[in-house]
Amino acid sequence: MSRPVLFAANWKMHLHPGEARTFLDRFLALDAPREGRSLAFFPSAVSIEAVASRLAGHDHVVVGAQDVLWEPKGAFTGATSVALARGAGAGAALIGHSERRHVFGETDAETARKVRAVLDGGLMAMLCVGETLAEREAGTTLAVVERQLRAALAGVEAHADLVIAYEPVWAIGTGRNATPADAAEVHRGIRQVLTALGFPLATRVLYGGSVKLENVAELLAEPEIDGVLVGGASLDPDQWAAICATARPG
Ligand code: PGA
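Residues numbered from 1 in each chain as written. Predicted model: local features only at pLDDT ≥ 70, side-chain atom pairs only at ≥ 80, totals over all residues. Heavy atoms only, no water.

A. Structural context of the environment of glycine 175. Mapped onto the elements of the fold, glycine 175 is located in the loop between β6 (162–166) and α8 (180–196). Placed 57 residues apart in sequence, glycine 175 and glycine 232 show a C-alpha to C-alpha distance of 9.6 Å. In this view, glycine 175 contacts Ser210 and Lys212; residues no more than four positions away in its chain are not counted. (Helix = DSSP H or I, 4+ residues; strand = E, 2+ residues; numbered from the N terminus. Contact = heavy atoms within 4.5 Å.)

Put into structure tokens, the structure is as follows:
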């Protein structure tokens, strides 16, 4: 089945509101919206409102938070709740990104609480999963990804507004991407787990990790890859516009 391709930009800790507006002015001047494609932008929390208001009225574009806490409000200095993100204009949240898991020590259990908070709050959840280099070399990639999925999705309704992003940790920001065939194999494993958990075939599974203009077409040539989650290469509006203009071959 052919799912619309989703191009998602993860800006990480870059682009304050003024820089984000300048980026979008240039990006929108270059971008030609087209059928069968949607976009997502995950700016820093401080830039969500600027990005959401600049993109208001554009079809098939969602703006999201890079992380949220599960608590609805309260004394949690530095954290962003789902309601705060939504109030700033977010329609989605990235959850369980490998930097949250491996730099900030987020556990599977915490990821699960965040996924539920995002979905209960009416936002789309983009759940990231992926193995470390040691796990890949030990041959446990599929087991790790399955554990992460089952932990994060336990008790989640199958009709949830959910996107999965497969991001091998060793490929993020390293210039070293998974080969399209390797990524596709993991995507098939993810699809099997999603199906076993009752999620519909329409659930998109993206690939992320050193995606750039030079490799995006070959990744999208794999029918299991429903889009890309892009860090470094999404920070340049010209490059990002070119990536988003890439059609699925064939
Ligand atoms: P990268 O980051 O494209 O810079 O490898 C991807 C991500 O972390 O989502």
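B. Broad picture of the site of the ligand. Near the ligand, the surroundings consist of 13 residues, among which Lys12, His97, Glu167, Gly173 and Ser210 are the closest. One nitrogen or oxygen atom from the side chain of lysine 12 is found 2.8 Å from an oxygen atom belonging to the ligand. Calculation on the ligand without its partners gives an accessible area of 280 Å², and the protein chains cover 95% of this total. Of the residues that constitute the shell around the ligand, the class distribution is 4 nonpolar, 7 polar and 2 charged. (Near = heavy atom within 4 Å. Polar contact = N/O pair within 3.5 Å; in protein donor to acceptor, adjacent residues only side chain to side chain. Areas by Shrake-Rupley, 256 points an atom, 1.4 Å probe, with all protein chains shown as cover. Nonpolar A, V, L, I, M, F, W, Y, C, P; charged D, E, K, R; others polar.)

C. Representation of the sheet that holds strand β4 (residues 92–95). Read around the closed barrel, the 8 strands follow the order β1-β2-β3-β4-β5-β6-β7-β8; overall the barrel is parallel. On average, each strand axis in the sheet is tilted by 25° relative to the strand beside it, whichever way the strands run. Relative to strand β2 (residues 37–42), strand β1 (residues 5–10) runs parallel, the two being bridged by 6 bridges. Following the sheet pairing, alanine 8 is matched in β2 by alanine 40. Helix α9 (residues 213–220) contacts β1, β7 (204–208) and β8 (227–230) of the sheet and is inclined by roughly 145° relative to β1. (Pairing = 2+ DSSP bridges. Axes fitted to C-alpha atoms, helices over the stretch in contact; angles between N-to-C directions.)

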